[in-house]
Amino acid sequence: MDAERSALTTLCQEFDELIGETRLHSTERQELLERIVIEARARRPLLALLGQLLNTDRETTLRTLATGLPGAGPGTARQETFRCPDGACDRTAVPPPAGAVPRCAVLGRLMERG
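A short tour of the structure in this document, coming up. Computed from a predicted structure; not experimentally measured. (Residues numbered from 1 in each chain as written. Predicted model: local features only at pLDDT ≥ 70, side-chain atom pairs only at ≥ 80, totals over all residues. Heavy atoms only, no water.)

1. Looking at the overall build of the protein
Here comes step 1: Across its full length, the protein carries five helices and three strands.
Here comes step 2: Going residue by residue from the N terminus, the α and β elements of the protein occur as α-α-α-α-α-β-β-β.
Here comes step 3: The buried share of the protein, reckoned over its 114 residues, is 36%.
Here comes step 4: Just so you have it, the protein exposes about 6900 Å², and 49% of that area is on carbon and sulfur atoms. (Helix = DSSP H or I, 4+ residues; strand = E, 2+ residues; numbered from the N terminus. Buried < 20%, exposed > 50% of the residue type's maximum accessible area, 1.4 Å probe, protein only. Areas by Shrake-Rupley, 256 points an atom, 1.4 Å probe, with all protein chains shown as cover.)

2. Considerations on the environment of Gly108
Here comes step 1: For Gly108, the location among the structural elements is in the loop between β2 (92-93) and β3 (112-113).
Here comes step 2: For the pair Gly108 and Arg41, spaced 67 residues apart in sequence, the C-alpha to C-alpha distance is 9.9 Å.

3. Details of the packing of helix α2 (residues 15-23) against helix α3 (residues 27-41)
Here comes step 1: Direction vectors running N to C along α2 and α3 enclose 155°, while the axes themselves pass 9 Å from each other. Classified by the interaxial angle, the pair formed by α2 and α3 is roughly antiparallel. α2 and α3 meet at a crossing whose hand is left-handed. Residues Phe15, Leu18, Ile19, Thr22 and Arg23 of α2 form the contact with α3, whose participating residues are Arg29, Gln30, Leu33 and Val37.
Here comes step 2: Looking at the contact of α2 with α3 residue by residue, the classes come out as five nonpolar, two polar and two charged. (Axes fitted to C-alpha atoms, helices over the stretch in contact; angles between N-to-C directions. Parallel < 35°, antiparallel > 145°, perpendicular 65-115°, else oblique. Left-handed = near helix turned anticlockwise from the far one by under 90°. Contact = heavy atoms within 4.5 Å. Nonpolar A, V, L, I, M, F, W, Y, C, P; charged D, E, K, R; others polar.)

4. Brief notes about the sheet that holds β3
Here comes step 1: Ordered by their spatial adjacency, three strands build an open sheet running β2-β1-β3, and the pairing between neighbours is antiparallel. Every other strand in the sheet has two partners, leaving β2 and β3 as the edge strands with one partner each. (Pairing = 2+ DSSP bridges.)

5. Some words on the pattern of salt bridges
Here comes step 1: According to the stated counting rule, one finds five salt bridges in the structure shown.
Here comes step 2: Among the ionic pairs, Arg5 bridges to Asp90, the shortest N-O distance being 2.9 Å. Pair noted here: Arg5 is in helix α1 (residues 3-13) and Asp90 is in the loop between β1 (82-83) and β2, with a separation of 85 residues, a long-range link.
Here comes step 3: Using a relative accessible area of 28% as the deciding quantity, one classes Arg5 as partly exposed.
Here comes step 4: Of the charged contacts in the structure, one is a salt bridge between Arg43 and Asp86, with a shortest N-O distance of 2.7 Å. Of the two residues, Arg43 sits in the loop between α3 and α4 (47-54) while Asp86 sits in the loop between β1 and β2, which places them 43 residues apart along the sequence. (Salt bridge = Lys/Arg side-chain N within 4 Å of Asp/Glu carboxyl O.)

6. Observations concerning the nonpolar core
Here comes step 1: Counting residues in hydrophobic clusters, the biggest one holds 24 residues, and the most contacted among them are Leu8, Leu11, Ile36, Leu46 and Val106.
Here comes step 2: Sorting the residues of this core by element identifies α1, α2, α3 and α4 as the ones contributing at least two each.
Here comes step 3: Beyond its immediate sequence surroundings of up to four residues, Leu11 is in contact with Leu18, Ile36, Ala40, Leu46 and Val106. (Core = buried A, V, L, I, M, F, W, Y, C linked by side-chain atoms within 4.5 Å.)

7. Some details on the environment of Arg58
Here comes step 1: Mapped onto the elements, Arg58 comes out in helix α5 (residues 58-67).
Here comes step 2: Distance in space between the C-alpha atoms of Arg58 and Leu47 is 7.1 Å, their sequence separation being 11 residues.

Right under this line is the structure:
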């Protein structure tokens, strides 16, 4: 899998947790997250910026993203899956049965049925 695509997938999957974690830190880190969001929405490379946010080199950033960012956990329902609305990442979401359609954390658009 392409490293940048994987980075975008992880960012989208764990966006809310990352924002919550970043709010506990300095304004500088919050501004960096805002820059990451801008770059993600423009579909520009994220790995270097995520490395800055995580204080890691490229290889460590890739390993960290492969295991997930802090605070993320797996979903539980399996009846229906949703995918990235514009196909830019590999995120899938599985809401609870009859739950709300999930939104793309980066674009704010409803995800598409997978």
